[in-house]
Structure formats: C-alpha cells, structure tokens
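Fold and geometry: a report
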Amino acid sequence: MHRWRWLIHIVLKSLAYRQGRTMLLLGVLAMAASLVTSLGIVSSAMGLRVAEEVRKYGANLVVLPAAARMEVGSGGLDFGTIAEPAYLSQEELLRVAGREGVTDCSLHLRGHLRSGGLEIPAEGVDFAVIRRLYPWWQLQGGWPDADEAVIGIDLAARLKLKAGDLIRASGTAGAGEFRVAGVVSTGGEEDKLLFIPLAKMQEALGVGSSVSQARLLAQTGGVTLEQRAARLQSLLSGSVVREVRQVARTSEGLLKKVQLLMALVTAVVLIAAASSVASTMSMTVLERGKEIGLLKAMGATRTGVLLLFCGEAVALGLIGGGVGYLLGSGIARFVMKTVFMVSAGIDLRFAGLSCAVSLCLALLGSAGPMMSVFRLDPVRSLRGE
Amino acid sequence: MVTDIIETRGLTRSYGEICALKPLDLLVPEGEWLSVMGHSGSGKSTLLNLLGGLDRPSGGSLQLGGEDLMTLSEDGLARFRREFVGIIFQQHHLVPYLTALENVMMAQYFHSVPDEAEACMALERVGLGKRLKNRPGELSGGEQQRVCIARAIINSPKLLLGDEPTGNLDHQNTGMVMELLKELRSEQQFTIILVTHNREVADWGDRIICLDDGALVREERAGR
C-alpha cells in the first residue's frame, strides 16, 4: 500500500474511533466556518444591495470644470466664489466614464436663454438619462420627445405655462421653439429651470459639444467613492470631481460600520473556536500518550508522529470547512431572504474561504498539543506518565 | 567466528541522585538468547530501554551492531529502532483502533512501505491467520501478545527485546509464546534479550544475567 494512502487510512480510522471527540471538533470547526461563510456572503451581497439602493438616489459624483469657480479672498477676508463660463468636453467625459466603471452619466449644459423679453435659466439635458438617474422627478404631463421641453413648476408659474404650451427661447447663437411636455416638481433648484434637449442647448449657446456639468453614478466596489472621485479627476483634465456627499457618506459609512461589526463578531468566534480546538486536542494528546510512545518505540521519528496528528487536523479542518460552507450558505440564504428580500446564489469563492478558515483553526488549535507530541519521551509515555 | 552484537563498557543510567544502572560491562554474541533477571527496581527495564535506543545512557559506552548509540541524534535513534530492533511489551501496547493486521502494517509503515501480504504471513506464522481483522479488544491476552510478536519481527530485526512478554499471560499461553519465540529465533537468527523475573521463562535462554539494585550480581548458563 502506498504510504500516503496508508496515512489517510490511519487518520480516518483514528478519527472514527474517537467519534465523540471528532464530532465535537467538527462541530466547533463547522460552526466557525459557517459563520465566516454566512457573514461573508451577507456582507458581500449587502454591499451590492446598498449599491442598488444608492442608485435610487441618483448620481453619486458630480464633475465641474475647474476654471468655473474661483475662491476670492485676501488676508483672512473671504469674498466668496466667482464663476465664469467654463466647459467640459463631452467626448472626453463619455470616454473616461465608459472606461472607469461609471454606470450612468448625465450631461448638463446650463445657461440663460431669453423668452418673451425675459432672461430665464435653462439647462440642456438628455431626458432618457434623467429618467433613469432621477426617478423621483414628478412630472405633470409626460416625458418629452425631440424638440420638447420640461419646465420647473416655479418657472412655469412665472411664465404662466402648462403642459402642451409652446415656448420660444433664444440664446447667443441660436433659437428654438419647444412644446412643454411636462412640468417638473422636485422641491429643489429644478423647479426654477427650463429643460431642453442637450444638443438644442449647445446649439443655442454656440458651445459645440461642451457641457457645464456631468453627474455620474459610479460603482464603488472595492474602493471608496472618494478614491473613485480622485481617480476620475486625475483622468479628466481641467475638472473637479466631487462626491454627492449626503448620499455617498451615509451609505458607505453605514456599510462599513456593519461590516466592521461583522468582522469583530467573526474574530471573537474564531478565537473561541481556536481555544476550544486547542483544549480538545490537548486532551486527545494526553489520552494518546501511550500510543505516541509506542509509535516512537517502533521507530517513528518525531516528524512522523507529528504527520499523523497534522493529518488528523487537516482532515478535521477540511471536513469542518465543507460542512461549514453548506451550513453557512443556508444561513446566508435565509438571512438574505428574510432581511433583504432577495435570494442569494451559490458563491463557490466562499467554499475555499470556509475550508481555509477551518483548516487554519484546526492547525492553529493543534499547534500547542503537537509541540508536546514532539517532546514526548517514549519510555515515560509507555509507562503512562 | 561469532561477533558481539552488543558491547557495553561502564554503562550507567542515573535519574538525578538515583543510579538505576551501575557501571555495566556486557558482551552479547550475535544470535544469543540472553535472559535478564532481577526483582522490581533492579534495573532490568532500564537496561532494556538503553539497549533498545529508547533511552540515553548517563555514562559509559554502548555499541550495538557496530553503531555507537551515544553519538546518535533523536532521529538517528529512531532510525536505529526501526531498522535494528523489535520490541515486545508486557502490556502489548497495540493501537486500539487498528485491526491485528493493521497493527503489524503500522510497523512496516514506519520502516518502509506497508505490505499487506507480508503482514498476513507474519500473523499466520504466529497462528493468527484467522484473526487478521480483529481489533485488540476482541483478542485474548495470548493472542494480543502474538500480534505484538508479529509486529516486532515484521521488519526482520537483528535484535528482539522482550520486556516481561509473558508477565500478563497464564501458564499455557506463556509456554506457547516462548515456544513461538524459540522457533522464530531458529528461523530468523536474531538475538533475543528478554527481561523477566520468572526463572522458568529465563531458562528458555542460552544465558542468564541477574541484576540487583542496578548492578550485575550473577551470570549463569540457562537450565533448559
């Protein structure tokens, strides 16, 4: 029989002989591994779920031209910020956004148009993107088609316009006539603006394919929103990228705190599990003193005896990890379904993690007892001392 | 010409203040059956542990099969034990979760490679061909001792050590075990050193040495 096959055979027989102790160790290891698996799956799914929820709040980053704003002040006096018209390149924005994991990109060109002798604030946008990124916009009327506009509720009242009316607006380089498709009410600055298609606004202002602002919905997997913003800023020349902080901070902060709590709970359980494995293995070594002495008397080297005990720890670790993974996946599915109302799929990455954790615990917990195996004197062991 | 397989000069073993074995000069020719007699605490087992490489002497010299045991490392002593020595214990010391066959194969595993056919033959040789798959708990004392003998001889040792191998056996089983050892010795030509306090058992040997209070007090030819 091959030596390795014999070693595995002996290890399994030894574990089967000590059923009670083996089940106890397996229980501890499986419990620890299942906790790591379930918390890992829940934590990972929670990150995705929170990202989905955050998406409902719209863009999480805003890109502005760096030259558009300048802080004015001297000798401790702050005169505030002055702004001059400055633009971002639409092509560059779309190229970088496509490359850097930006899920959605809403381009805006803000300026003033004249209508009926009045100067009105207007913004060119892509209505299809607005519908996706700002689902909370409440519209009286409908979403516009080409050559149609949306007007903010305050501005509509000022101009006495309603859905279906026509508005003629002109800029420095062109003019156009738009049918008001809907009146928007958000409770924010949108209520005071006229929204027309981006291309029409660019034509009216004569700025080519430039925009004055971009609002991005960026994925944050693996990095913080702050890091994502810094990365985008470094890639977009002459721009400032800022977080839409109230949303980003809350979601990221909450997620981090929950994940930290999970990590602390896991650490405590793992330490308790390692202690339990260590004490059980110590008792096993004490009980098996004569057997260890016999093996040494038969000519086993210290490493040879150690290999048998390591084999048992590895077998326990792998079986415990496998059981822990199945158990943890079940717990995670239950939690995801009852708490987050979503079903979690099978994630095999956590099978490896579960086995690795269980294996480390089994080996770490056995390290102390194994050292005593190493030092055991065969004569004294055989005498039962 | 018969060479000496064991040569000790002034061999001693002390545990702190207590001298368990006083300076001992001993020559054992290859193939001899030497019985070591003495009361409890006379130093018999201490001598056996030293000769088996299980313990280290406190002083003197100890040559076994041309090897100086005083200079061997821990792993060197382990190699010496698996290649040179077979040991039979009074308490049998069989691994409880292994069958008779597996207990014998365990000795093969540490020596070289487990060989089931060879282990079966060894057990058949000691009369346990039908108890291969039985665990120690399912065997009588005499049968357990025969498994122990099969395990001790499976790697063809040059030196077979017995520490009161019949101490736990009744008269009938004692006779069977001693007869078996005699047959095996004539087949395999190994040297036997057998510790006992039973004169009848000691008489199976070629020579008897008696220890008292750690010292060699008498040496005689065996009576059988």
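Residues numbered from 1 in each chain as written. Chains lettered and ligands numbered in written order. Predicted model: local features only at pLDDT ≥ 70, side-chain atom pairs only at ≥ 80, totals over all residues.

**Describing the overall build of chain A**
Tallying secondary structure elements over chain A gives 12 helices and 14 strands in all. Counting only contacts in chain A whose residues sit at least 6 apart along the sequence, the fraction spanning at least 24 positions is 79%. (Helix = DSSP H or I, 4+ residues; strand = E, 2+ residues; numbered from the N terminus. Contact = placed C-beta atoms within 7 Å.)

**Examining the interface of chain A and chain B**
With 20 residues of chain A at the interface, the matching set in chain B holds 22 residues. If you list the elements that add at least two residues to the side of chain A that touches chain B, you get α1 (3-17), α9 (289-297), α10 (302-339) and α12 (378-382) of chain A. Among the residues forming the side of chain A that touches chain B, the class breakdown is 10 nonpolar, four polar and six charged. (Nonpolar A, V, L, I, M, F, W, Y, C, P; charged D, E, K, R; others polar.)

**Comments concerning the sheet that holds strand β9 (residues 207-212) of chain B**
All names here are of chain B. With mixed pairing, the six strands of this open sheet are ordered in space as β6-β7-β8-β3-β9-β10. Looking at which strands have only one partner, the edges of the open sheet turn out to be β6 (85-89) and β10 (215-221). For this sheet, the mean angle separating the axes of adjacent strands, direction not counted, is 20 degrees. Bridge count for β6 against strand β7 (residues 159-163) is five bridges, and the pairing is parallel. From the neighbouring strand, Ile-88 faces β7, where its bridge partner is Gly-162. (Pairing = 2+ DSSP bridges. Axes fitted to C-alpha atoms, helices over the stretch in contact; angles between N-to-C directions.)

**Some thoughts on the pairing of β10(B)**
Where burial is concerned, little of β10(B) is hidden: zero out of the seven residues are buried. The antiparallel hairpin formed by β9(B) and β10(B) contains two residues in its connecting segment, where Asp213(B) sits at a positive phi of about 55 degrees. (Buried ≥ 20, exposed ≤ 12 C-beta atoms within 10 Å, placed from the backbone.)

**A look at the packing of α1(A) against α10(A)**
Residues and elements named next belong to chain A. The contact between α1 and α10 brings their axes to 9 Å, and the two run at 70 degrees. Taken together, the axes of α1 and α10 are roughly perpendicular relative to one another. Our pair here, α1 against α10, has a crossing hand that is right-handed. Where α1 abuts α10, its residues Leu-7, Ile-10, Val-11, Leu-12, Ser-14 and Leu-15 lie against Leu-307, Leu-308, Gly-311, Glu-312 and Ala-315. (Parallel < 35°, antiparallel > 145°, perpendicular 65-115°, else oblique. Left-handed = near helix turned anticlockwise from the far one by under 90°.)

**What to know about helix α4 (residues 116-125) of chain B**
Since the α-helix turns once every 3.6 residues, residues separated by three or four places project in the same direction. Of the positions making up α4(B), those classed as buried are Ala119(B), Ala122(B) and Leu123(B). The arc that holds the buried residues of α4(B), viewed along the axis, is 95 degrees, so those residues lie on one side. (Arc of directions from axis to C-beta.)

**Comments concerning the confidence of the model for chain B**
Within chain B, residue pLDDT values average 93, and 99% of them lie at 70 or more. Interface predicted TM-score (ipTM) for the complex: 0.92; the corresponding pTM is 0.70. (pLDDT = per-residue confidence, 0-100.)

**With respect to unusual backbone geometry**
Residue and element names in this part refer to chain B. Positive phi, normally seen in glycine, also occurs at Glu-164, with a value near 50 degrees. By secondary structure assignment, the location of Glu-164 is in the loop between β7 and α6 (171-188). According to the C-beta neighbour criterion, Glu-164 is buried, with 20 such atoms within 10 Å. Although it is not a glycine, Asp-213 sits at a positive phi angle of roughly 55 degrees. Inspection of the secondary structure puts Asp-213 in the loop between β9 and β10. Taking the C-beta count within 10 Å as the criterion, Asp-213 has 14 such neighbours and is therefore assigned partly exposed.

**A few points about the environment of Phe178(A)**
Residues and elements named next belong to chain A. When you line up the elements, Phe-178 lands in strand β10 (residues 175-185). A count of 24 C-beta atoms within 10 Å places Phe-178 in the buried class. In this structure, the C-alpha to C-alpha distance between Phe-178 and Val-150, residues 28 residues apart in sequence, is 9.2 Å. Excluding its chain neighbours within four sequence positions, the residues that come into contact with Phe-178 are Asp-147, Glu-148, Ala-149, Ile-167, Ala-169 and Ile-196.

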